[in-house]
Amino acid sequence: MIYNVYKCLIIVYNREWGDDMEKLYTIKQVAEIFSVHANTVRRWIREGKLKTVKLEVGTERITEKELRVFMGVEHHGKW
């Protein structure tokens, strides 16, 4: 669990102090960060709670910005 909190802090840190390259996470990596099963992450995607970026047929990733939105650290669009 401490590892997961650390990963969330890194995501927030990158937003605050900038990292020009947007990081991409697999469904499995997101599941590990939030200590849930990969199927839970897939459900969040289906329900529209998380948005993905399609890379190629059958491959999708979640951006670091999207994780910040999901955690409530950042918002989509205007306030």
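Conventions adopted
- Residues numbered from 1 in each chain as written.
- Predicted model: local features only at pLDDT ≥ 70, side-chain atom pairs only at ≥ 80, totals over all residues.
- Heavy atoms only, no water.
- Phe/Tyr/Trp six-rings, centres within 6.5 Å; stacked < 30°, edge-to-face > 60°.
- Helix = DSSP H or I, 4+ residues; strand = E, 2+ residues; numbered from the N terminus.
- Buried < 20%, exposed > 50% of the residue type's maximum accessible area, 1.4 Å probe, protein only.
- Salt bridge = Lys/Arg side-chain N within 4 Å of Asp/Glu carboxyl O.
- Pairing = 2+ DSSP bridges.
- pLDDT = per-residue confidence, 0-100.

> Would you mind showing me how to read the packing of aromatic side chains here?
Each aromatic ring pair is described using two quantities: the centre-to-centre distance and the angle formed by the ring planes. Scanning all chains against the criterion turns up three aromatic pairs. Judged by centre distance (6.0 Å) and plane angle (85 degrees), the ring pair of Phe-34 and Trp-44 falls under edge-to-face. With Phe-34 in helix α2 (residues 27–34) and Trp-44 in helix α3 (residues 38–46), this residue pair connects regions lying ten residues apart in the sequence. Consider the rings of Phe-34 and Phe-70, whose centres lie 5.4 Å apart with planes at 80 degrees: the pair is edge-to-face. Of the two residues, Phe-34 is situated in helix α2 and Phe-70 in helix α4 (residues 64–71); the sequence distance between them amounts to 36 residues. Overall, the relative accessible area of 22% leaves Phe-34 in the partly exposed class.

> Quick question: what am I supposed to make of α4 here?
Turn by turn, an α-helix covers 3.6 residues, leaving residues three or four places apart pointing in a common direction. Those residues of α4 that fall on the buried side of the exposure criterion are Glu-64, Glu-66, Leu-67, Arg-68 and Val-69. Positive backbone phi, approximately 85 degrees, marks Gly-72, located one or two places after α4.

> What am I meant to see in the pattern of salt bridges here?
Pairing between side chains becomes possible if they bear opposite charge and their charged atoms approach one another. This structure, assessed with the given rule, holds four salt bridges. Between Arg-43 and Glu-47 there is a salt bridge, and its shortest N-O distance comes to 3.5 Å. Given a relative accessible area of 44%, Glu-47 falls into the partly exposed group. Close ionic contact of Glu-47 with Lys-49 constitutes a salt bridge, the shortest N to O distance being 3.2 Å. What you see here is one network of salt bridges that share partners, running through Arg-43, Glu-47 and Lys-49.

> Please clarify how the pairing of strand β3 (residues 59–63) should be interpreted in this entry.
The side chains of a regular strand alternate between the sheet's two faces. Both strand β1 (residues 24–25) and β3 contribute to a ladder of two bridges, which runs antiparallel. By the bridge assignment, Leu-24 is partnered in β3 with Thr-63. Two strands pair when backbone bridges link them, and strand β2 (residues 53–56) and β3 are joined in this way by three bridges, in the antiparallel orientation. The partner of Val-53 across the bridge, within β3, is Arg-61. Linkage of β2 to β3, two consecutive antiparallel strands, is achieved through a turn of two residues, within which Gly-58 is found at a positive phi near 80 degrees.

> Whenever I open this one, the confidence of the model for the protein confuses me. Can you help?
Parts of the prediction with low pLDDT should not have their coordinates interpreted in detail. With 66% of its residues at a pLDDT of at least 70, the protein reaches an overall mean of 77. Least confident of the elements in the protein is helix α1 (residues 2–17), whose mean pLDDT is 51; most confident is α3, at 96.

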